[in-house]
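Here is what each chain is made of, one letter per residue.
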Amino acid sequence: MNRVLFCADGSAYSRVCGEYVVWLCRRTQAHIDALYLTDIRQFEIPLVADLSGSLGVQPYQDVVTQLQEMERQKSSVIEESTLKIFADAGMADEVAYHHRTGLLVDCLSDFESNVDIVVLGKRGENADFASEHLGSTMERVVRASQKPCLVTSRSFRVIKKLVLAYDGGQSCRRAVQFLVDSNAFRDLQLHIVSAIEGDKRGRAENRLREAEKMLTECGYHPTCALLEGAVEESMRLYVEKQDIDLLVMGAYGHSRIRYLLIGSTTTAMIRGCRIPVLCFR
């Protein structure tokens with residue numbers, strides 16, 4: 001792992017996200033690209049559009065100018081606070097700060113070719129006003145990114161135990177390969193779980209043995225378990241019972257139609273688990 005993309009927005013989740021980036025980079029000696037995006041949509045809100053009709057063109061332009069100046073000051077504060085996270089950790093020379101205007105999902109292509117992992121918070125600046133909802137930007141980024149995405153939680157805890165949710169799919173195979181190739185988690189306690197669906201115990205056992213073999217051969221000593229019941233609930237209970245610090249899983253592997261009809265296992269796990277989730281598309 002050579003470079004980490006840290007998505008900053010100045011929120012409480014973003015500060016915790018920075019702590020996880022510090023933890024990760026200390027273990028891998030990776031460099032950091034810290035990215036803050038000015039969301040262009042804030043200058044296109046209905047309130048501003050209405051002001052243009054009621055106040056006239058010149059007052060409208062003045063309002064937009066004031067909003068832009070506020071955003072400039074905000075971005076300056078976020079840059080200062082972001083760089084302080086890494087300066088306090090003794091990593092001031094390892095971070096490059098970037099400020100862009102646009103949407104995060106649209107800027108990914110500018111950075112993904114040079115980074116190995118994307119790290120972002122589960123929620124953003126409005127977390128306190130919508131505590132039961134995930135950040136819409138987070139889901140779009142995880143769906144769009146070609147790199148692993150570490151979605152961090154509200155509070156930091158040192159990662160000592162991780163669990164891999166393995167279903168044999170392509171995204172899960174990417175997760176296994178990442179664990180094989182990376183030195184970030186090699187000395188940590190690894191659990192591998194596979195869910196039993198209906199009467200498919202034999203298939204679940206085969207999947208579990210497959211993942212166990214690949215990871216044992218590269219030096220891991222995994223603890224394996226078969227889970228029964230609904231995937232989301234059984235996984236959540238396992239994470240709590242085993243005091244897991246990080247969940248590793250494939251992300252958004254089903255079609256948009258299925259997502260609209262019955263929801264997403266990925267979204268349910270990120271929302272329900274109070275630990276970081278490392279997602280692979």
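In this text the structure is predicted, and so the values were computed from the model without any measurement.

Helix and strand counts for the chain stand at 10 helices and 10 strands. In the chain, buried positions account for 46% of the 281 residues. Relative to all contacts within the chain whose residues are 6 or more apart in sequence, the contacts with residues 24 or more apart total 80%. Carbon and sulfur atoms make up 50% of the accessible area of the chain, which amounts to about 14,400 Å² in all.

With respect to topology, 10 strands assemble into an open sheet ordered S3-S2-S1-S4-S5-S10-S9-S6-S7-S8, the strand pairing being mixed. A single partner strand is all that each edge strand has here, and the edge strands are strand S3 (95-102) and strand S8 (223-227). The mean angle between the axes of side-by-side strands here comes to 20°, regardless of whether they run parallel or antiparallel. With eight bridges connecting them, strand S2 (residues 31-39) and S3 associate as parallel partners. By the bridge assignment for S3, Leu35 is matched with His98. Where helix H1 (residues 12-28) meets the sheet, its contacts fall on strand S1 (3-8), S2, strand S4 (117-121) and strand S5 (149-152), and the angle it forms with S1 comes to roughly 170°.

Right, let's get into unusual backbone geometry. The phi angle at Gln29 is positive, at roughly 60°, despite the residue not being glycine. Along the chain, the position of Gln29 falls in the loop between H1 and S2. Overall, the relative accessible area of 58% leaves Gln29 in the exposed class. In this structure, Asp243 is a non-glycine residue whose phi angle is positive, near 55°. Position of Asp243 among the secondary structure elements: in the loop between helix H8 (231-241) and strand S9 (246-250). In this structure Asp243 comes out as partly exposed when scored by relative accessible area, which is 45%.

To continue, consider the pairing of S4. Counting buried positions along S4 gives five out of five residues, so the element sits mostly inside the fold. Burial along S4 is two-sided: the residues Ile117, Val119 and Gly121 and Val118 and Leu120 are all buried. Note: S4 against S5, four bridges, orientation parallel. Within S5, the residue paired with Leu120 across the bridge is Val151.

Another point: the environment of Gly90. Note on placement: Gly90 falls in the loop between helix H3 (57-88) and S3. On the accessibility criterion, Gly90 (67% relative accessible area) is exposed.

On to the nonpolar core, then. Grouped burial of nonpolar side chains is what soluble globular proteins tend to show. The biggest cluster of nonpolar side chains holds 48 residues, and the ones touching the most others in it are Val4, Ile117, Leu164, Phe185, Leu215 and Leu278. At eight residues, the largest contribution of residues to this core is made by H1. Not counting residues within four places of it along the chain, the set of residues in contact with Ile117 comprises Met1, Arg3, Val4, Leu5, Leu24, Pro148, Leu150, Phe178 and Leu278.

Turning to the pairing of S1, a few remarks are in order. The side chains of a regular strand alternate between both faces of the sheet. Of all six residues that make up S1, five are buried, and the element is covered over most of its length. As paired elements, S1 and S2 share six bridges and run parallel to each other. Within S2, the residue paired with Cys7 across the bridge is Leu35. Once you follow S1 into H1 and on to S2, the crossover reads as right-handed. Two strands pair when backbone bridges link them, and S1 and S4 are joined in this way by three bridges, in the parallel orientation.

Each value, and the rule that gives it
Residues numbered from 1 in each chain as written. Predicted model: local features only at pLDDT ≥ 70, side-chain atom pairs only at ≥ 80, totals over all residues. Heavy atoms only, no water. Helix = DSSP H or I, 4+ residues; strand = E, 2+ residues; numbered from the N terminus. Buried < 20%, exposed > 50% of the residue type's maximum accessible area, 1.4 Å probe, protein only. Contact = heavy atoms within 4.5 Å. Areas by Shrake-Rupley, 256 points an atom, 1.4 Å probe, with all protein chains shown as cover. Pairing = 2+ DSSP bridges. Axes fitted to C-alpha atoms, helices over the stretch in contact; angles between N-to-C directions. Core = buried A, V, L, I, M, F, W, Y, C linked by side-chain atoms within 4.5 Å. Right-handed = clockwise from strand over helix to strand, strands pointing away.

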